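# Observations on chain architecture
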Protein chains: 2
Amino acid sequence: MAENQPHSNRKRRRRTKLPAEYIDGILAADRTILAQAITLVESQSTKHFASSQEILQNIMPYTGQSIRIGFTGVPGAGKSTLIEALGILLCEKGYNVAVLAVDPSSTVSKGSILGDKTRMEKLSKHPSAFVRPSPSSGTLGGVARKSRETLLLCEAAGFDVIIVETVGVGQSETVVRSMVDCFIVLLLTGAGDELQGMKKGVMEIADALYINKADGPNYEEALKARAEYNRLLHFLQPATKDWTTSAQIVSALTGTGIDEMWDLIRKFETTVKANGVWEERRQRQMVEWMESLIEESLLQHFFGNEEIRSKFPVKKNEVTEGQLPPAQAAQQLLDLYFKMFHS
Amino acid sequence: MAENQPHSNRKRRRRTKLPAEYIDGILAADRTILAQAITLVESQSTKHFASSQEILQNIMPYTGQSIRIGFTGVPGAGKSTLIEALGILLCEKGYNVAVLAVDPSSTVSKGSILGDKTRMEKLSKHPSAFVRPSPSSGTLGGVARKSRETLLLCEAAGFDVIIVETVGVGQSETVVRSMVDCFIVLLLTGAGDELQGMKKGVMEIADALYINKADGPNYEEALKARAEYNRLLHFLQPATKDWTTSAQIVSALTGTGIDEMWDLIRKFETTVKANGVWEERRQRQMVEWMESLIEESLLQHFFGNEEIRSKFPVKKNEVTEGQLPPAQAAQQLLDLYFKMFHS
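Overview of the structure. Since the model is a prediction, treat every value here as computed from it, not as a measurement.

## A few points about the interface of chain B and chain A
Interface extent is often summarised as the accessible area lost during association of the parts. With 63 residues of chain B in contact, the opposing surface of chain A contributes 63 residues. Regarding the contact of chain B and chain A, the summed buried area is about 5800 Å², with carbon and sulfur atoms giving 71% of it. Counting the contacts that link chain B with chain A gives two salt bridges. The shortest N-O distance in the salt bridge between E228 of chain B and R231 of chain A comes to 3.5 Å. Summed over the shared surface of chain B and chain A, the number is six residue pairs in polar contact (both at pLDDT 80 or more). At the level of elements, α4 (47–59), α8 (140–156), α10 (219–233), α12 (277–303), α13 (306–320) and α14 (326–342) of chain B are the ones that each hand at least two residues to the side of chain B that touches chain A. Sort the elements by how many residues they give to the side of chain B that touches chain A and α12 of chain B lands first, with 15 residues.

Okay, structure coming up:
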């Protein structure tokens, strides 16, 4: 112990690791270093951007091997409990499972809908699992970027299954859909009532609907809801080519349907790997990610500009009052903006 | 006749009208001048931008008095025939009716799905009607801008009902939804088959679904389809506060349901005028229009830049090959872009 002291002190003096140390640690599946690398990637500080990108670039060849599964559902749908049950099952089957969260609420209200602190206690303690709460600051776009990069870090650290959890607020379902292979919507019995709180079109981006809490006195209702949703899905466009989105029942409490959920996910994987959708979707997701970062930056550069920020409300007001046609208002602001960068 | 010659010659020598002449002509409901003003607004030429915006700014106080109705449906759903039947009914009731089209197909394929040339012959000839084909060039964003401005010109020319027709391609439904008060989706019998070709979530932006061609041997099927769709709508979020989106039947051939369609639209109008949604939605549409023009311009300025155009495919390729993390690729292109405007 005493012998380690000087070494330990040296370590403490150097505040940040070198990118190479992070890379080695991640590839060696060191959980502590993985967690530190995620913190670096999540950092808002521009000085951390270069090193986090260097880490990412170096771990890229080791990514892509997991299956990425997204879960959404309104608060109370039982997402965390179900993900924990699925996660434990998978760990017992010998998989390494990482659970990430995209929680848009924490960026808006500073409170977390997903309740990161206390959730998934049992799974968190499993040696094959890694549970990471949502990055807690920034725009949804920022949270999404960090979650995407965290996902890559987890893959490089050898996780076979990555589960991304979100709640139906704002655009978060679309964002999670755009970073996973298979997207699952959790529902409750109640004949569509809970869909009222979800994003429009959410059923059309789902690869499977699961009626959760299909247990006890709720079981019969769940069967009815399953039939209703299957009827409904008939009218909607499936999210994935050659794959029929269906409604199923599941219970985290009794374990009903959890094994079958994993079977369904594997069947989905086989289908989309065979028809080329898997690879094609992943490539498209990478390009869309890059494009969305560019778009966000351009918009932020414009709308974050001090002069635009002061003029925009004036023009907006003139437009809503009917004093200025929208195209002219837009043109005036654009002229102002571009003039700043040409002078 | 001979006396008019010199005057007529003078007129011919001056190639373009002054904005004031357009404004007077539009406000006097002169159809020829209205049509010319629309052509000016539709012009891609930047030299026409200032005069068309001057016209728009001056007619703004005379806009906003119509009810704006959007129709969408797949090719073959019978949109044009139905709109013509509704239009003639409204003309007979004493309304002035303008029909515009947003046809994204003509911008992509140079062919028109809506088949503007020959459609609505009977309505076109009615003295109370004005049928204008889709602007035939530019991006969907460009087509949308022109259609929005055309809509305002028609309002200033005294049209009480503006019908905007589109087909379910790309984002055109969303674009039309964003410029109208009431949005109607036309369907056929066939248990959801035709929805397969439509945009995801289209039923959730609709204020009414109409099963068209509910006549002859098709009538019973149409009743069944109506029941199915009403069942389905139960599960979806309504597009408009305090308004229940429902499925109805209609036949342009027999006239069944056309009167009732107008009653439903008027009932919708009463509801949303009473609860404030009418005004609130229109103001929001104007602001969104302005914002979308800004966004389009910023993106076009970036992606249209020559250096970006040559570098983007390279970076995109590095990203899809897994050689470069998307955030870094985005940053490299953004650095390149912003450097150009600071040097």
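## Observations concerning the pairing of strand β4 (residues 161–166) of chain A
Residues and elements named next belong to chain A. Extensive coverage of β4 is indicated by the burial of six of its six residues. Side-chain alternation along β4 places V161, I163 and E165 on one buried face and I162, V164 and T166 on a second face that is also buried. Sheet topology places strand β1 (residues 67–72) next to β4; five bridges connect them, and they run parallel. Residue pairing in the sheet places I67 in a bridge with V161 of β4. Where strand β2 (residues 97–102) meets β4, six bridges bridge the pair, whose relative direction is parallel. Note on β4: the bridge partner recorded for V102 is T166.

## What about the relation of the copies chain B and chain A?
When chain B is brought onto chain A, the operation consists of a screw motion whose angular component is 180 degrees and whose axial shift is 0.0 Å, with 0.0 Å RMSD remaining. What the superposition gives is, in effect, a two-fold axis relating one chain to the other. Relative to the rotation axis, the closest C-alpha in chain B is found at G201 of chain B, a distance of 2.1 Å. The residues that chain B uses at the interface reappear at the interface of chain A in 100% of cases, marking a shared surface.

Calculation notes
- Residues numbered from 1 in each chain as written.
- Chains lettered and ligands numbered in written order.
- Predicted model: local features only at pLDDT ≥ 70, side-chain atom pairs only at ≥ 80, totals over all residues.
- Heavy atoms only, no water.
- Contact = heavy atoms within 4.5 Å.
- Buried area = accessible area lost by both parts, 1.4 Å probe.
- Salt bridge = Lys/Arg side-chain N within 4 Å of Asp/Glu carboxyl O.
- Polar contact = N/O pair within 3.5 Å; in protein donor to acceptor, adjacent residues only side chain to side chain.
- Helix = DSSP H or I, 4+ residues; strand = E, 2+ residues; numbered from the N terminus.
- Buried < 20%, exposed > 50% of the residue type's maximum accessible area, 1.4 Å probe, protein only.
- Pairing = 2+ DSSP bridges.
- Least-squares fit on C-alpha atoms with pLDDT ≥ 70 in both.

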